[in-house]
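# A look at the structure
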Amino acid sequence: MNDKNLDSLIERWISPQVRGLSTYHVPDASGLVKLDAMENPYIWDDALVREWLAQLGSTHVNRYPDPEAKALKQQLKKIMAVPDHLELLLGNGSDELILLLALAVATPGRTVLTVEPGFTMYRQIALMAQLQYEAVSLTPDFELDIKATVSRIRSTQPALIFIAQPNNPTGNLFGEQNIRQIIEAAPGIVVIDEAYTAFTDSDHLPLLAEYDNLLVMRTLSKTGLAGLRLGILIGDQRWISELNKIRLPYNVGVLNQVSAEFALRHYSVFEAQTANIRDQRDGVMAELSGIKGIRVWPSDANFILMRTRQGCARQVFERLRERGVLIKLLDGAHLLLQDCLRVTIGTPAENRQFIDALKASL
Ligand SMILES: Cc1ncc(COP(=O)(O)O)c(C=O)c1O
């Protein structure tokens, strides 16, 4: 192998946009209490696992899966109370749906717009799809700057806007009036990303009846099925059928379809877990609010954004890891996130361990 030749081949043929990206980094969590990735901390009880395995045992993998995942979509529509006239598009996580949306609008010079700090995949995927990327800064308190947002929408005319509600990593909602203003100012598609829908009372599905340019995206990841990778896009059948043209035919495997169908038949288990996580969130929030040297922001999600004293976030993060707790270090990820950390709500025991470790780490 000739290293120089390989380097120059890569430089010549891999696009500059791709070369400029970095791989999505997932830290090793082995042996740690994992509170860094907004997962549901609960595993299934033995009876549920046995029933699930029996189901998998009678599933055959020699055939391709149903490309339309019809049975699964029916169940999802029922559980999410999606009106009959709306359609679903399923993805390998909502990450894949973000990619499909970006590819569907991608022609030279077009723009994807979002707010920052926000979910990092919007930028990554926009750049992958060779789209221009515009980010409007939130206020220092992570509120939406609606004037700046509308004005940037007017000046950049984005083909696609992503707004996560609640927002990641800030955990807050921007308010329905503001969301309406964004949708009304947008010339193109607006996607409200409700990844954290299980932890909030806010619901943007009703707005689909009012706005032609709106799509709502959800995922089963945060509800308790992150390992299955199942994202859901909801909208008018005409949008969905355009996007369906670029979806790879068998993007949701048969084991995932069968497992998700099984899990949804036991949806009350997940509802109880997420309700419990919501309660836990309020408890963790109250405890964090009482810790000197920590500032927290309200959260409608299964995580909490907090700020340490100036210059201390990395040290706190590392001390927590030494004490066996992995959370997310956000300092350095965005100007507004200086000294910030994000913790995912875990089981009561995990939350206790986190709070105790945090107090000992400050
Ligand atoms: C706002 C938001 N959207 C989408 C995702 C991706 O979810 P999925 O696991 O369905 O790809 C995340 C994951 O953290 C997220 O925070």
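All values reported here derive from a predicted model rather than from experimental measurement. (Residues numbered from 1 in each chain as written. Predicted model: local features only at pLDDT ≥ 70, side-chain atom pairs only at ≥ 80, totals over all residues. Heavy atoms only, no water.)

We now examine the overall build of the protein. If you tally the helices and strands in the protein, you get 14 helices and 13 strands. For 362 residues, the compact-globule estimate of 2.2 N^0.38 gives 21 Å, and the protein sits close to it at 21 Å. Across its three principal directions, the C-alpha atoms of the protein cover 60 × 55 × 55 Å. In the protein, which comprises 362 residues, the share counted as buried stands at 51%. Contacts in the protein between residues at least 24 apart in sequence constitute 71% of all its contacts with a sequence separation of at least 6. Taken as a whole, the protein presents about 17600 Å² of accessible surface, with 51% of it coming from carbon and sulfur. (Helix = DSSP H or I, 4+ residues; strand = E, 2+ residues; numbered from the N terminus. Rg over C-alpha atoms; globule rule 2.2 N^0.38 Å. Buried < 20%, exposed > 50% of the residue type's maximum accessible area, 1.4 Å probe, protein only. Contact = heavy atoms within 4.5 Å. Areas by Shrake-Rupley, 256 points an atom, 1.4 Å probe, with all protein chains shown as cover.)

In this section: the site of the ligand. By nearness alone, 15 residues border the ligand, and Ser94, Asp193, Tyr196, Thr219 and Ser221 come closest of all. Here aspartate 193 contributes a side-chain N or O atom positioned 2.5 Å from a nitrogen atom of the ligand. A distance of 2.6 Å separates an oxygen atom of the ligand from a polar side-chain atom of threonine 219. Here the ligand loses 93% of its free accessible area of 400 Å² to cover by the protein chains. At the level of elements, helix H5 (93-105) and helix H9 (221-225) are the ones that each hand at least two residues to the shell around the ligand. Partitioning the shell around the ligand into residue classes produces six nonpolar, five polar and four charged. (Near = heavy atom within 4 Å. Polar contact = N/O pair within 3.5 Å; in protein donor to acceptor, adjacent residues only side chain to side chain. Nonpolar A, V, L, I, M, F, W, Y, C, P; charged D, E, K, R; others polar.)

Inspection of the entire model under this criterion finds 20 salt bridges. A salt bridge links aspartate 236 to arginine 238, with the shortest nitrogen-to-oxygen separation between them at 2.9 Å. Look at aspartate 236 and you get partly exposed, because its relative accessible area is 24%. One salt-bridge network, held together by shared partners, links Glu287, Arg352, Asp356 and Lys359. (Salt bridge = Lys/Arg side-chain N within 4 Å of Asp/Glu carboxyl O.)

So, on to the layout of surface pockets. For the second largest pocket, the calculated volume is near 380 Å³. Every residue lining the second largest pocket is counted, 20 residues in all, and those nearest its centre are Ile79, Thr197, Ala198, Arg218 and Tyr267. When residues of the lining of the second largest pocket are traced back to their parent elements, those giving at least two are helix H4 (70-79), strand E7 (214-219) and helix H12 (267-289). Considering only residue class, the lining of the second largest pocket consists of nine nonpolar, six polar and five charged. (1 Å grid on protein atoms, 1.4 Å probe; cavity = no way out; pocket = protein on both sides within 12 Å on 5 of 7 lines; lining within 4 Å. Points joined across faces, edges and corners; volume = space filled by probe spheres on them.)

Time to look at the state of the cysteines. Enumeration according to the criterion identifies zero disulfides in this entry. Among the cysteines around cysteine 312, which has no disulfide bond, cysteine 340 carries the closest sulfur, lying 13 Å off. (Disulfide = S-S within 2.5 Å.)

Moving on to the domain arrangement of the protein. Splitting the protein by domain gives domain 1 (3-45 + 268-361) and domain 2 (64-265). Put simply, the middle of domain 1 and the middle of domain 2, counted by C-alpha atoms, are 22 Å apart. Taken together, the 31 residues of domain 1 in the interface contact 34 residues of domain 2. Buried area between domain 1 and domain 2, both sides added, is near 2700 Å², and the carbon and sulfur share of it is 61%. Where domain 1 meets domain 2, there are two salt bridges. (Domains from an automatic or database assignment. Buried area = accessible area lost by both parts, 1.4 Å probe.)

So, on to the pairing of strand E10 (residues 303-307). Side-chain positions along a regular strand alternate between the two faces of the sheet. When you tally the buried positions in E10, you get five out of five residues, the bulk of the element. Of the two faces of E10, the one carrying Phe303, Leu305 and Arg307 and the one carrying Ile304 and Met306 are both buried. Pairing of strand E9 (residues 295-296) with E10 involves two bridges; the strand directions are antiparallel. For arginine 295, the partnering residue across the bridge sits in E10 and is arginine 307. Linking E9 back to E10 in an antiparallel pair, the connection comprises six residues. (Pairing = 2+ DSSP bridges.)

The subject of this paragraph is the side chain of threonine 308. Inspection of the secondary structure puts threonine 308 in the loop between E10 and helix H13 (313-322). Look at threonine 308 and you get buried, because its relative accessible area is 6%. A distance of 3.1 Å separates a polar side-chain atom of threonine 308 from the backbone nitrogen of alanine 313. Residue contacts for threonine 308: discarding those within four places in its chain leaves Gly293, Ile294, Ala313, Val316, Asp339 and Leu341.

Spatially, four strands are ordered E9-E10-E13-E12 in an open sheet, and the strand pairing comes out antiparallel. Each end of this open sheet is capped by a strand with a single partner; those strands are E9 and strand E12 (328-329). As defined by bridge partners, E10 adjoins strand E13 (residues 340-344) across five bridges and the pair is classed as antiparallel. Within E13, the position partnered with leucine 305 by the bridge is arginine 342. The sheet strands contacting H12 are E9 and E10, and the helix crosses E10 at an angle near 10 degrees. (Axes fitted to C-alpha atoms, helices over the stretch in contact; angles between N-to-C directions.)

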